[in-house]
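Chain by chain, the residues:
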Amino acid sequence: MEAAVVLLRWAQFGAGFVLAGGALFALYALPAVGRSSAQALGWPRRLLAGSAAMLLLASLAGLVLQTAVVAGSLAAALDPTTLASVLTEMAMGLSSVTRAAAAAIALAILLLMPCRRAPLAIVAHLGAIAVASMAWMGHGAASDGAGGLPHLAADIIHLLAAAVWIGALAFFLGLAGTAWRDGAAASDLHAALAGFSGLGTGLVAALVVTGLVNSWFLVGPAGAAALFTTLYGQLLLLKIALFTGMILLAAVNRFRLTPALRQALGDPASNDAEVKALRQSLILELGAGLAVLALVAWLGRLAPITAQ
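Residues numbered from 1 in each chain as written. Predicted model: local features only at pLDDT ≥ 70, side-chain atom pairs only at ≥ 80, totals over all residues. Heavy atoms only, no water.

Peer 1: What's the story with the pattern of salt bridges in this structure? I'm lost.
Peer 2: A side chain of one charge can pair with a side chain of the opposite charge if their charged atoms are brought near each other. All told, the structure shown has two salt bridges when counted by the stated rule. Residues Glu2 and Arg301 are paired through a salt bridge, measuring 2.7 Å at the closest nitrogen-oxygen approach. Separated by 299 residues along the polypeptide, Glu2 in helix H1 (residues 2–28) and Arg301 in the segment after helix H11 (268–299) bring together distant segments of the chain. With a closest N to O distance of 2.9 Å, Asp188 and Arg35 form a salt bridge. One end of the pair, Asp188, is in helix H9 (residues 183–218); the other, Arg35, is in the loop between H1 and helix H2 (38–41), and 153 residues separate them in sequence. (Salt bridge = Lys/Arg side-chain N within 4 Å of Asp/Glu carboxyl O. Helix = DSSP H or I, 4+ residues; strand = E, 2+ residues; numbered from the N terminus.)

Peer 1: Quick question: what am I supposed to make of the packing of aromatic side chains here?
Peer 2: Think of a pair of aromatic rings as described by two things: how far the centres are apart, and how the planes are tilted against each other in angle. All told, the structure shown has seven aromatic pairs when counted by the stated rule. Pairing Phe25 with Phe172 gives two aromatic rings, centres 5.0 Å apart and planes at 80°, and the pair type is edge-to-face. Of this pair, Phe25 sits in helix H1 while Phe172 sits in helix H8 (residues 148–179), placing them 147 residues apart in sequence. Between the aromatic rings of Phe172 and Phe196, the centroid separation amounts to 5.5 Å while the plane-to-plane angle is 80°, which identifies the pairing as edge-to-face. Linking Phe172 in helix H8 with Phe196 in helix H9, this pair joins segments that are 24 residues apart in sequence. Residue class for Phe172 comes out buried when judged on its relative accessible area of 2%. By relative accessible area, which is 10% here, Phe196 ends up buried. (Phe/Tyr/Trp six-rings, centres within 6.5 Å; stacked < 30°, edge-to-face > 60°. Buried < 20%, exposed > 50% of the residue type's maximum accessible area, 1.4 Å probe, protein only.)

Peer 1: In this structure, what is going on with the nonpolar core? I would like to understand it.
Peer 2: Phe13, Phe17, Leu19, Phe25, Phe172, Leu175 and Leu189 are the most contacted members of the largest nonpolar core, which has 73 residues in total. For this core, the secondary-structure elements that each account for two or more residues are H1, helix H3 (43–71), helix H6 (91–112), helix H7 (117–133), H8, H9, helix H10 (231–264) and H11. Counting residues per element, this core draws most heavily on H8, at 17 residues. Val219, Leu235, Leu236 and Leu295 belong to the second largest nonpolar core, which has ten residues in total. (Core = buried A, V, L, I, M, F, W, Y, C linked by side-chain atoms within 4.5 Å.)

Peer 1: Help me understand the confidence of the model for the chain, please; the structure alone is not making it clear to me.
Peer 2: In low-pLDDT segments, the atomic positions of the prediction should not be examined closely. Averaged over every residue, the pLDDT of the chain is 91; residues scoring 70 or more account for 99%. Taking the mean pLDDT of every element in the chain, the minimum, 75, falls on helix H4 (residues 74–77) and the maximum, 97, on H7. (pLDDT = per-residue confidence, 0-100.)

Peer 1: I keep staring at a nonpolar patch on the surface and nothing clicks. Help me out?
Peer 2: Together, Met1, Val69, Leu74 and Leu78 line one region of the surface with nonpolar side chains, adding up to about 360 Å² of accessible area. Within the secondary structure, Val69 is located in helix H3. (Patch = residues over 30% accessible without salt bridge, like charges linked within 9 Å, V, L, I, M, F, W, Y side chains within 5 Å. Areas by Shrake-Rupley, 256 points an atom, 1.4 Å probe, with all protein chains shown as cover.)

Peer 1: Looking at this structure, how should I read the side chain of Ser95?
Peer 2: As for its position among the elements, Ser95 is in helix H6. Residue contacts for Ser95: discarding those within four places in its chain leaves Ser133 and Trp136. (Contact = heavy atoms within 4.5 Å.)

Peer 1: Even after reading the chapter, I still don't get the environment of Asn214, so can you show me in this structure?
Peer 2: With respect to the helices and strands, the residue Asn214 is situated in helix H9. Exposure remark for Asn214: the relative accessible area of 8% places this residue in the buried category. It is 6.3 Å that separates the C-alpha atoms of Asn214 and His151, two residues lying 63 residues apart in sequence. With sequence-adjacent residues up to four places away left out, Asn214 is seen in contact with His151, Ala154, Asp155 and His158.

Peer 1: Looking at this structure, I do not really get H10. What am I missing?
Peer 2: Structural remark: α-helix, 3.6 residues per turn; residues separated by three or four positions point the same way. Look at H10: 47 Å from first C-alpha to last across 34 residues, which is about the 50 Å you get at 1.5 Å a residue. Its maximal kink placed at Asn253, H10 deviates by approximately 40°. Along H10, the residues that are buried comprise Tyr232, Gly233, Leu235, Leu236, Lys239, Phe243, Met246, Asn253, Leu257, Thr258, Leu261 and Ala264. Elements that come into contact with the buried residues of H10 comprise H8, H9 and H11. Gly266 sits one or two positions beyond H10 and adopts a positive phi of about 100°. (Expected span 1.5 Å × (residues − 1). Bend = angle between axes of the 7 residues up to and from the residue.)

Peer 1: Just checking my understanding: could you explain the environment of Thr67 for this structure?
Peer 2: If you trace the backbone, Thr67 turns up in helix H3. Since its relative accessible area comes to 1%, Thr67 is described here as buried. Considered as a pair, Thr67 and Ala77 are ten residues apart in the sequence and their alpha carbons are 5.2 Å apart. With residues near it in sequence (within four places) discarded, Thr67 still touches Ala77, Thr82, Leu83, Val86 and Met92.

Put into structure tokens, the structure is as follows:
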């Protein structure tokens, strides 16, 4: 049952990040109208709606399974009294319902309204609420005393910054798919990549700073040696290694592949080769990001080093 809980947590992270970050990307990186708008492309609506549906289902299923872990059995978790207790007395219950409600409203908007600026803005805000609520899935809301609020705030900022990055990667891959053998779409892809470069640097800075704050509360200066001897520490080191790999891939995309795509625009043969190289790099970067989210889902179920 514990493995299923971790898997559902991973699904919530992935779906929530794509929903929030993807809807935001559609607002700042895609034009409001025209052939490369979210409405005209079509796939952004499908991707966002699928993410909202996954987040809704995973949030509800995760609530039931986590309640089963607390109550001791799945049968006990389905008891209305037990569920009511979890929803009213545990932060995990309220945060799960918040995510499910945000996902349900976002899904209804995406299915019933055109994929234009105003609906996308609402979906982006709903996605941000869902992502912020994930701070109560792990250790971010567990600190007591004067450090409680800074830890929670750092965790929320960390989650939102990661969502913007992961959502952008998912949309970059979608744009790369349409840019294959399409010079105009390749130009749109290059413009989006170039426009994201400054934001990407800010996201990395936010993730590093908030990651250090979280590490202070979860590892602490005295726990550095335990990074190599505990499962929590080893998973955290693996997460840092994957995050470093994402930064290196992002740097390659920004300083080598994106300029190469710009130079290839107008030459179909070179254009296809550069789009293919970018697509492969983006797949690796997104894959590393999803692996990081899997580790985060697991780490949230383990006692941090400061509690061991």
